[in-house]
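Examining the three-dimensional arrangement
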Amino acid sequence: MKILLGILKWAGIAVGVIIVLAGALAAHTWYGTPLKPNWFYDRAMLQYALDDPQMLTSLGFIEQFGIRGHNAHLSDGSDEKAQQLFVTLREDLETLHNYDREAMTGQDAISYDMFDGFVSMIIEGERWRLHTYPMNQMFGIQNGLPNFMATMHRVPDTKGAEHYISRLSQFERRLDQALDSVRIREAAGVIPPTFVVEKVLNEMRGFVEAPARENILFTKFDEHLAKLEESAEIMADERESFAQRAEDEITGTVYPAYGKLIAYYEDLLPRTTGNHGVWALPDGDEFYRFAARLMTTTDMDPDEIHRIGLAEVARIGAEMDAILVAQGFSDGSIGERLLALRADPAQLYEDSDDGRAQVITDYKAIIAEIEGGLDDYFDVRPKAALDVERVPEFREDGSALAYYQQPALDGTRPGVFYINLRTMADLPRFGMRTLAYHEGIPGHHFQIALAQELKGLPVFRRMAPMGAYIEGWALYSEQVAWEAGFQDDPLDNLGRLQGEMFRAVRLVVDTGMHAKRWTREQAIEYMTEHTGMGETEVIAEIERYLVIPGQALSYKVGMLKFLELRARAQTALGDRFDIREFHNTVLTNGALPLNLLERVVDDWIATKT
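Residues numbered from 1 in each chain as written. Predicted model: local features only at pLDDT ≥ 70, side-chain atom pairs only at ≥ 80, totals over all residues. Heavy atoms only, no water.

Our focus in this paragraph is the overall build of the chain. Within the chain, the regular secondary structure consists of 26 helices and three strands. Its C-alpha radius of gyration of 24 Å places the chain within 12% of the 25 Å reference for a compact globule of 609 residues. For the chain, the C-alpha atoms occupy an extent of roughly 65 × 60 × 55 Å along the three principal directions. Taking the intrachain contacts of the chain between residues at least 6 apart in sequence as the baseline, contacts between residues at least 24 apart amount to 79%. Carbon and sulfur atoms make up 51% of the accessible area of the chain, which amounts to about 23,500 Å² in all. Positive and negative charge centroids in the chain, built from 60 and 94 side chains respectively, lie 3 Å apart. (Helix = DSSP H or I, 4+ residues; strand = E, 2+ residues; numbered from the N terminus. Rg over C-alpha atoms; globule rule 2.2 N^0.38 Å. Contact = heavy atoms within 4.5 Å. Areas by Shrake-Rupley, 256 points an atom, 1.4 Å probe, with all protein chains shown as cover. Lys, Arg positive; Asp, Glu negative; His and termini not counted. Charge placed at Lys NZ, Arg CZ, Asp CG, Glu CD.)

Laid out in structure tokens, this is it:
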């Protein structure tokens, strides 16, 4: 299934770290069972990445060794390639089982169990590999590919420019593969919800309606060319030559390829049957139970998760009510009162270019403040810098409110906290601190960037896409920031509670839509009632859950596990408990499945008692 393939692909980007070692691998290491398990893990990741040029570009590591040819190619997105992956995974699992697990201890045992469990889960998911929507408003190829070209492909010289144009020339092949994958799914009875087709159509139509020189594929490339001209890398006539070639590819290759996708989706729209959860797909109920296990790295079933969500909504709502009443907001639901607070002009930025620029400036100030005030909570931090940028405008309508992009391993690109500035009403000031702490520091940036920098662990451990850990840590970090005194203002604390309520509501609406057959409209109403989020933001969130079933469960389930383990350590250690040591323990092993995280913490507690 595509979600699983995407998760594995995300993990594979880290393997560039070991590419320079490939020449030293003996034949038996490359083709047989390597002498050491860590050699095998790195080989598996290396073999995968060498076959994925876009991931190598995203990594941004091997260029420093003069290896750049991959930057001229787009990855293979064919169905045949997807099927071959499962063959490779089974071979890798067979190789892993040649090692003696009983003889392993410590990190070796964790690595074995993690690789074994992760790959086994991916293979289990082959049964539902078609239960995805390759073109959707969140992460479809139709917006992902232009975004990759605009944000990941670097043009440091004329070779980089040639590579960019080469990739433009391959859009037809790559988009034709995406079209084939949609057709295969339709034949299998997997048709996207109606809103997905409508939004993707609107997005693609807008993309091709712009003159070629106004398209992001051209404007970003021209920015690169301008810098090359400024540095005398190219002359004005060379710049125009590159620009004209790019325009010709956009007009002659890119737009016609999108035209085929548009025509197919226009024909598909009347055949959609509404905005259902995945229960409406073939074998959909079993698929969702699997997705819940995959995304939470637990054995919890949807009914249990739904009950936890309802209980957490009630608990957090009571705390929010107390603050709202103290602020003079007594009437109406939690959501209605939050919406009234959000409408207060004091909470809003000016809806203008200046207002949007000020948002970015203020987020940077929030991050700088907390980065300098966490010594009592952390004594291990990442070296990579963090920046704040606006979500690219062409992606705003379908994008979440914010997201994090990991830094390049070679230091050429910092971590980036992206903020969606489509609607200023979605950015009340009282919620800004919590969002910055979640996406930036001490949330995603601390955890993901630090994991990339860990030494002595296999590459896959440093880049493992364990969503329940990653998102659970970021949500837990919001509470840590509050405990450290950075949300003493009652309204800032209300923003923290609103963020936690948002994740608790996700447990209810995700399981509601996919397991209990709630409608899209029911879920929108429930989220609005309890979170006070704006209509645009709520709709974007609910529609996100419909195309990524189970992913929204990971945040709150993960946070609850971090809090449970911290409380366990505090009870066991008493006065000997040091929160910095606890954070070191959970952060310096990379992202782990929650069961392995529990083992790591229990082992640490045992060493202290």
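On inspection of all chains with the given rule, the structure shows 53 salt bridges. Glu 162 serves as the salt-bridge partner of Arg 245, at 2.8 Å between the closest nitrogen and oxygen. One end of the pair, Arg 245, is in helix α12 (residues 236-268); the other, Glu 162, is in helix α8 (residues 158-169), with 83 residues separating them in the sequence. Residue classification places Glu 162 among the partly exposed positions, given a relative accessible area of 34%. For the salt bridge of Asp 321 with Arg 337, the shortest nitrogen-to-oxygen distance reads 2.8 Å. Taken as a pair, Asp 321 in helix α14 (residues 302-326) and Arg 337 in helix α15 (residues 334-342) lie far apart in primary sequence, 16 residues in all. The partly exposed category is assigned to Asp 321, whose relative accessible area is 29%. Classification of Arg 337 by relative accessible area gives buried; the value is 6%. (Salt bridge = Lys/Arg side-chain N within 4 Å of Asp/Glu carboxyl O. Buried < 20%, exposed > 50% of the residue type's maximum accessible area, 1.4 Å probe, protein only.)

Let's shift gears to the packing of aromatic side chains. Scanning the entire structure with this criterion turns up 25 aromatic pairs. A centroid spacing of 5.3 Å and a plane angle of 65° characterise the contact between Tyr 469 and Phe 562, whose relative ring orientation is edge-to-face. Placement of the pair is Tyr 469 in helix α20 (residues 467-483) and Phe 562 in helix α24 (residues 554-573), with a sequence separation of 93 residues. Judged by its relative accessible area of 0%, Tyr 469 is buried. (Phe/Tyr/Trp six-rings, centres within 6.5 Å; stacked < 30°, edge-to-face > 60°.)

Because an α-helix packs 3.6 residues into every turn, residues spaced three or four apart end up facing the same way. In a regular helix each residue adds 1.5 Å, so 13 residues correspond to 18 Å; helix α13 (residues 284-296) covers 18 Å between its end C-alpha atoms and thus fits that length. One or two residues past the end of α13 sits Thr 297, with phi positive at roughly 50°. (Expected span 1.5 Å × (residues − 1).)

Looking now at the sheet that holds strand β2 (residues 402-405). Spatially, three strands are ordered β1-β3-β2 in an open sheet, and the strand pairing comes out mixed. Both edges of this open sheet fall to β1 (386-390) and β2, since each of them pairs with a single strand only. Each strand of the sheet is rotated relative to its neighbour by a mean of 20°, with strand direction disregarded. Contacts from helix α18 (residues 444-452) reach β1, β2 and β3 (415-419) within the one sheet, and its direction differs from that of β2 by about 20°. (Pairing = 2+ DSSP bridges. Axes fitted to C-alpha atoms, helices over the stretch in contact; angles between N-to-C directions.)

We now examine the environment of Ala 515. Of note, Ala 515 is situated in the loop between α21 (490-514) and α22 (520-531). Along the primary structure Ala 515 and Glu 102 are separated by 413 residues, whereas in three dimensions their C-alpha atoms are 39 Å apart. Setting aside its immediate chain neighbours within four residues, Ala 515 contacts Tyr 288 and Pro 302.

It is worth spelling out the packing of α8 against helix α11 (residues 216-230) at this point. Where α8 meets α11, the closest approach of the two axes is 11 Å, and the angle between their N-to-C directions is 170°. Relative to α11, α8 is oriented roughly antiparallel. Between α8 and α11 lies a crossing of left-handed hand. Counted together, Thr 158, Ala 161, Tyr 164, Ile 165 and Leu 168 of α8 and Leu 217, Phe 221, Leu 225 and Leu 228 of α11 form the full contact between these two elements. Here the residues of the contact of α8 with α11 sort into eight nonpolar, one polar and no charged. (Parallel < 35°, antiparallel > 145°, perpendicular 65-115°, else oblique. Left-handed = near helix turned anticlockwise from the far one by under 90°. Nonpolar A, V, L, I, M, F, W, Y, C, P; charged D, E, K, R; others polar.)

So, on to unusual backbone geometry. Cis geometry is found at the peptide bond from Ile 441 to Pro 442, where omega equals 5°. Its identity is not glycine, yet Asp 283 carries a phi of approximately 60°, on the positive side. Along the chain, the position of Asp 283 falls in the loop between α12 and α13. Look at Arg 517: it is not a glycine, yet its phi comes out positive at around 65°. Overall, Arg 517 belongs to the partly exposed group, its relative accessible area being 46%.

Let's shift gears to α21. Over its 25 residues, α21 runs 36 Å from end to end, which matches the ideal 36 Å to within 8%, given 1.5 Å per residue. When you tally the buried positions in α21, you get 24 out of 25 residues, the bulk of the element. Near the N-terminus of α21, the side chain that reaches the backbone nitrogen of Leu 491, with its oxygen 2.8 Å away, is that of Asp 489. (Polar contact = N/O pair within 3.5 Å; in protein donor to acceptor, adjacent residues only side chain to side chain.)

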